[in-house]
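Residue strings, one per chain:
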Amino acid sequence: MKAIADSIIRNTATTLGISHVTDKPDKSDITMPLPRIELTWLPEELKRSFRRISRLKQPNVPEVIIRSRVYQRTLRIRAEVVSDNEEWLESFVPGFLAALPGKTADENGNLVTVRAVKAERQGYGTKMVEVFKRRTASIHIIVSGMVCDDQNIPLITDVNIVNGTNIGG
């Protein structure tokens, strides 16, 4: 789940012109490039939730594939956009939210949903003279997906009726 969430955020940031997306460092460094996105990964939540998803029949194959969801996975990410320009940051956040895909598929073709649920801003409204300005906007993102199980069920391909059977009498 982390890999697909990371690729979704990186692709969205790249389309908007931010090439530096990294995990949040222990200490912030003034030599790091601006603007940038720092990601904080919160623990993944798992919920047992069985449900049949699909039934697939492939041509010329005598079996059906039944796909069932076994677990629902939810990963929360805090994407902190760091900049020294307040106007740019105020225009970037709505653009980033609009560019996030609502739905996509993982490597197995399962549905993955992406939602932004909260945005926080820090470093605004100071009256003091600042040498190194640091403005941040934190966007809380929830990525949900599934753990699925596939079962191959063979189909009946041949029926032999034996002559001379007497049914019901």
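Figured I'd write up the structure that's included with this text. Being a predicted model, the structure only gives us computed values, none of them experimental. (Residues numbered from 1 in each chain as written. Predicted model: local features only at pLDDT ≥ 70, side-chain atom pairs only at ≥ 80, totals over all residues. Heavy atoms only, no water.)

The helix and strand tally for the protein chain stands at two helices and seven strands. In sequence order, the protein chain lays out its α and β elements as α-β-β-β-β-α-β-β-β. Each of the 169 residues in the protein chain was classed as buried or not, and the buried ones make up 32%. For the protein chain, the computed accessible surface area is about 11200 Å², with 52% contributed by carbon and sulfur atoms. (Helix = DSSP H or I, 4+ residues; strand = E, 2+ residues; numbered from the N terminus. Buried < 20%, exposed > 50% of the residue type's maximum accessible area, 1.4 Å probe, protein only. Areas by Shrake-Rupley, 256 points an atom, 1.4 Å probe, with all protein chains shown as cover.)

Structurally, Ser68 can be placed in strand E4 (residues 63–83). If sequence neighbours within four positions are ignored, Ser68 has contacts with Phe50, Arg51, Arg52, Ile53, Val147, Cys148 and Asp149. (Contact = heavy atoms within 4.5 Å.)

Take the pattern of salt bridges next. Evaluated as defined, the whole model comprises 11 salt bridges. Between Lys24 and Glu80 there is a salt bridge, with its nearest N and O atoms 2.9 Å apart. Of the two residues, Lys24 is situated in the loop between strand E1 (21–23) and strand E2 (36–41) and Glu80 in strand E4; the sequence distance between them amounts to 56 residues. On the basis of relative accessible area, Lys24 is assigned to the partly exposed category, the value being 35%. Residue Glu80 is classed as buried on the basis of its relative accessible area of 3%. Close ionic contact of Glu86 with Arg135 constitutes a salt bridge, the shortest N to O distance being 2.8 Å. (Salt bridge = Lys/Arg side-chain N within 4 Å of Asp/Glu carboxyl O.)

Our next topic: the packing of aromatic side chains. Pairs of aromatic rings are described using the distance from one ring centre to the other and the angle between the two planes. Applying the stated criterion across every chain yields a total of two aromatic pairs. Ring geometry for Trp88 against Phe92: centres 4.8 Å apart, planes inclined by 15°, an arrangement best described as stacked. With Trp88 and Phe92 both in helix H2 (residues 86–99) and four residues apart, the pair spans about one turn of that helix. The exposure class assigned to Trp88 is partly exposed, which follows from its relative accessible area of 25%. Chaining the aromatic ring pairs together yields one cluster made of Trp88, Phe92 and Phe96. (Phe/Tyr/Trp six-rings, centres within 6.5 Å; stacked < 30°, edge-to-face > 60°.)

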